[in-house]
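Below, each chain spelled out in residue letters.
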Amino acid sequence: MSTKLSSFSLALLWLVSAQTWCGKNYMITEPVTNPGGQFPASLEFTQPHIALRCGPAVKPYLPDDLGSHPTDPTFTSILVDTPVTFTNISGAIPLSISTANINLSGSSLEVKVLVNGKILTSSSVPLNASKHALPFSLSTLTPQTDAFSLTCIGTLSTGQQLLASSLLTYLPGKPPGIGGVTKMDMRSGALLAKPPTGEDGPYQYVFPIGFYTQYGSYLASNLSIPGILKEQGCVHPVPDFDNITVLDQVLDKMQEVGLWLMYDMRNTYQNSTSVTEQVNHIKSRPNLLLWYTADEPDGTSDPLNATTLTKNLINSLDGYHPVSLVLNCENYFWSEYSGGADVLLQDTYMIGNNVTFSNQWGTPCTVDYGDCGCDNCKGNFQDISTRMDEFYDRAFIEGWELDKVVWTVPQGFGNDTYWTRYPTGEEWVVQSIIGINHGGLGVVSWDDPTPDDIKASASSLAKALASSSSPLSEFILSTSSSFKHLTTQSGSIDIGLWTLDDTTMALVANTIYANASLEAVELGLGPVLMKEVFCSGVCDTNDEGVVLGSVASGAFLISK
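Since we're looking at a predicted model, the values are computed, not measured.

1. Some thoughts on helix α8 (residues 425-437)
For step 1, the next point in the chain: For α8, built from 13 residues, the straight-helix expectation of 18 Å at 1.5 Å per residue is met to within 8% by its first-to-last C-alpha distance of 18 Å.
For step 2, the next point in the chain: Counting buried positions along α8 yields twelve of 13 residues, so the element is predominantly enclosed.
For step 3, the next point in the chain: Those residues of α8 that sit buried are G425, E427, W428, V429, V430, Q431, S432, I433, I434, G435, I436 and N437.
For step 4, the next point in the chain: At the C-terminal side of α8, G439 shows a positive phi close to 105 degrees.

2. Looking at the pattern of salt bridges
For step 1, the next point in the chain: Overall, the coordinates contain 19 salt bridges when judged by the stated rule.
For step 2, the next point in the chain: Between D185 and R187 there is a salt bridge, and its shortest N-O distance comes to 2.8 Å.
For step 3, the next point in the chain: Judged by relative accessible area, D185 falls into the buried class, the value being 0%.
For step 4, the next point in the chain: For R187, a relative accessible area of 13% gives the class buried.
For step 5, the next point in the chain: For D295, the salt bridge is made with R266, and the minimal N-O distance between the two is 3.3 Å. Of this pair, D295 sits in strand β20 (residues 288-295) while R266 sits in the loop between β19 (260-264) and α4 (272-282), placing them 29 residues apart in sequence.
For step 6, the next point in the chain: Residue D295 is classed as buried on the basis of its relative accessible area, which comes to 14%.
For step 7, the next point in the chain: The class for R266 is buried, based on a relative accessible area of 12%.
For step 8, the next point in the chain: Within the structure, one salt-bridge network assembled from shared partners comprises K59, K311, D342, D403 and K404.

3. Let's talk about the packing of aromatic side chains
We describe a pair of aromatic rings using the distance from one ring centre to the other and the angle between the two ring planes.
For step 1, the next point in the chain: Going through the model one piece at a time under the given rule, you end up with 19 aromatic pairs.
For step 2, the next point in the chain: Geometrically, the ring pair formed by Y263 and W291 is edge-to-face, given 6.0 Å between the ring centres and 90 degrees between the ring planes. Taken together, the residues span a long stretch of sequence, with Y263 in strand β19 and W291 in strand β20 at a distance of 28 residues.
For step 3, the next point in the chain: Here the aromatic cluster, defined as three or more aromatic residues joined through ring pairs, consists of F39, W334, F391 and W400.
For step 4, the next point in the chain: R53 extends its terminal NZ or CZ atom over the ring of F396, reaching a point 5.1 Å from the ring centre.
For step 5, the next point in the chain: Above the plane of the ring of W400 lies K404, whose end atom (NZ or CZ) is 4.9 Å from the centre.

4. Details of the pairing of strand β34 (residues 553-559)
For step 1, the next point in the chain: Within β34, six of the seven residues are buried, leaving the element largely enclosed by the surrounding structure.
For step 2, the next point in the chain: When strand β29 (residues 503-510) meets β34, the two strands line up antiparallel, connected through six bridges. Note on β34: the bridge partner recorded for A509 is S553.
For step 3, the next point in the chain: Bridge count for strand β31 (residues 529-536) against β34 is seven bridges, and the pairing is antiparallel. Bridge pairing links F534 to A555 in β34.

5. Some remarks on the sheet that holds strand β12 (residues 148-155)
Sheets are built from strands paired through backbone hydrogen bonds, the pairs being either parallel or antiparallel.
For step 1, the next point in the chain: Strand order in the open sheet made by the four strands is β10-β9-β12-β13, with antiparallel pairing throughout. One side of each edge strand has no neighbouring strand; the edge strands of this open sheet are β10 (118-126) and β13 (161-168). Averaged over all neighbouring strand pairs, the angle between strand axes comes to 20 degrees, with direction disregarded.
For step 2, the next point in the chain: Sheet topology places strand β9 (residues 108-115) next to β12; six bridges connect them, and they run antiparallel. Residue pairing across strands places V111 opposite G154, the latter belonging to β12.

6. Side note on the side chain of S324
For step 1, the next point in the chain: Relative to the helices and strands, S324 resides in strand β21 (residues 323-327).
For step 2, the next point in the chain: According to the relative accessible area criterion, S324 is buried, its value standing at 0%.
For step 3, the next point in the chain: At 2.7 Å, the side chain of S324 forms a polar contact with the backbone oxygen of W291.
For step 4, the next point in the chain: Setting aside its immediate chain neighbours within four residues, S324 contacts M262, L290, W291, Y292, T293, A294, A341, V343 and L345.

7. Considerations on the sheet that holds strand β15 (residues 190-193)
For step 1, the next point in the chain: Pairing within the open sheet is antiparallel, and its four strands lie in the order β5-β14-β15-β16. At either end of the open sheet lies a strand with only one pairing partner, and these are β5 (58-59) and β16 (204-206).
For step 2, the next point in the chain: Examined bridge by bridge, β15 and β16 share three bridges and lie antiparallel to one another. Bridge pairing links L192 to Y205 in β16.

8. Observations concerning the state of the cysteines
For step 1, the next point in the chain: Taken as a whole and assessed by the stated rule, the structure comprises five disulfides.
For step 2, the next point in the chain: Note that C54 is cross-linked by a disulfide to C152, the S-S spacing being 2.1 Å. Disulfide C54 to C152: torsion about the S-S bond roughly 100 degrees, handedness right-handed. Of this pair, C54 sits in strand β4 (residues 53-56) while C152 is found in strand β12, placing the two residues 98 residues apart along the sequence.
For step 3, the next point in the chain: Judged by relative accessible area, which is 6%, C54 ranks as buried.

9. Considering unusual backbone geometry
Most peptide bonds take the trans form, and the phi angle of most residues other than glycine is negative.
For step 1, the next point in the chain: The peptide bond linking K59 to P60 adopts the cis configuration, its omega dihedral lying at -10 degrees.
For step 2, the next point in the chain: Its place among the elements puts P60 in the loop between β5 and β6 (77-81).
For step 3, the next point in the chain: The step from D448 to P449 runs through a cis peptide bond, and the omega angle for that step is 10 degrees.
For step 4, the next point in the chain: Summarising the element assignment, P449 is placed in the loop between β26 (443-448) and α9 (452-466).
For step 5, the next point in the chain: Positive phi, close to 65 degrees, is recorded for N128, a residue that is not glycine.
For step 6, the next point in the chain: Residue position: N128 is located in the loop between β10 and β11 (132-135).

How each quantity is defined
Residues numbered from 1 in each chain as written. Predicted model: local features only at pLDDT ≥ 70, side-chain atom pairs only at ≥ 80, totals over all residues. Heavy atoms only, no water. Helix = DSSP H or I, 4+ residues; strand = E, 2+ residues; numbered from the N terminus. Expected span 1.5 Å × (residues − 1). Buried < 20%, exposed > 50% of the residue type's maximum accessible area, 1.4 Å probe, protein only. Salt bridge = Lys/Arg side-chain N within 4 Å of Asp/Glu carboxyl O. Phe/Tyr/Trp six-rings, centres within 6.5 Å; stacked < 30°, edge-to-face > 60°. Lys NZ or Arg CZ within 6 Å of the ring centre and 35° of its normal. Pairing = 2+ DSSP bridges. Axes fitted to C-alpha atoms, helices over the stretch in contact; angles between N-to-C directions. Polar contact = N/O pair within 3.5 Å; in protein donor to acceptor, adjacent residues only side chain to side chain. Contact = heavy atoms within 4.5 Å. Disulfide = S-S within 2.5 Å.

In short, the description is geometric, and any link to function would need to be established separately.
Okay, here's the thing in structure tokens:
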């Protein structure tokens, strides 16, 4: 996240025994070596395999969830995935019936979900199902601080069985030392929380959008700044927090104006004593949205178990908020570092950057050598979509698709080390929308202070996405909407389509520096009417679709 060649960061780099980033040598005096740590390539099978995955629809459940969701029958449920695949994914076993006899639309698994050896729920689940909900009643369980062990058993008509395991968190009611609760709704990946001001109110879906915000030189310098930042909805103060009294004043002001807090322990996350002190001090704040531990631990080659150890410690101290971290490398011990997060962020910074040759170090950047500030990048907006897709694909291969979500970190800085210029406001929005279209339900940019055009664009997008009355958030965060991703034939426009009832919302980004046309017919929806609800740059709607200006973006409601 940080621009690692500041004087402070240079000092840190020289302290490590070998100058590497993402495991790669980058000094001109050093040889090219294989950095290792690559995610294993998937094996291809000649016969179909099937896997069983399961997990709670919501994390955590609380006693006040008991009987309180009469209009949402799958809120209290176990989600079940039954992927049929020809690649090697975690838990996959060969199907005992021949390929010719497989009728995915008519075949099913009989699934039983057990807690402590007792059946919690059971039902038939179609083959190749995704997030198939099996409702259950919390009344059969007693809340406890330790997670319940889930065992899921699936039986095919042939008698072949599959096993899966997971954890179900059903915590006691919020104790006095906990200020608020953030739930993860794994049906959509969205967060749920009560008002950040601490006032009483219902749980609502939250779309976090904001900035990593410099603390000592900015936030702590003027207590009126949180009020100025109110529109963006979420603030991630960047440590050090050397004066706790001043920190409390800043956080009090954030709570007063209704800003969510993403609390950062990057410099101390491997110090269990410090983490314990910070968690115990901060967890009583109602505007705490989530914890943040490691900042690019893959870049600095932190111990492979460090993030998981810290996540476990935080859960033992709190348990009412998810844990997040950011990875900078495209492919370096991904599973090991990702294991320590509920919310995994990726930061792909390619604007104003020569991603193939490092002017800082006078070396080329390849898959096994060099550091250009954007690991294994091509230098275009598709670097973001590729990284988001890779992270989600790897989570699926590991069997974590019901456990983790991925957020995006747009580049909001420039004129620094590898990056010769700042993004424009319109480029910032394109980065953000690409991340959202590829599964990101949180947008946290590095960093603020940032130029006025970026701040204005970010505020405009935040209003469109994070407002409780926004049609965008209604579509994106709804557990009832269906999603489809497209690109235009030219590949220039990235498109996310969310359909809810009879209306579709299209979120689109032009990834080229020229006008690009999106014809309604390309959306596969037949003759439609497009109503603009958000635009960054130039958006010109017509009877056939929309013409987007250079790196323009927009959101459109589509009806037949």
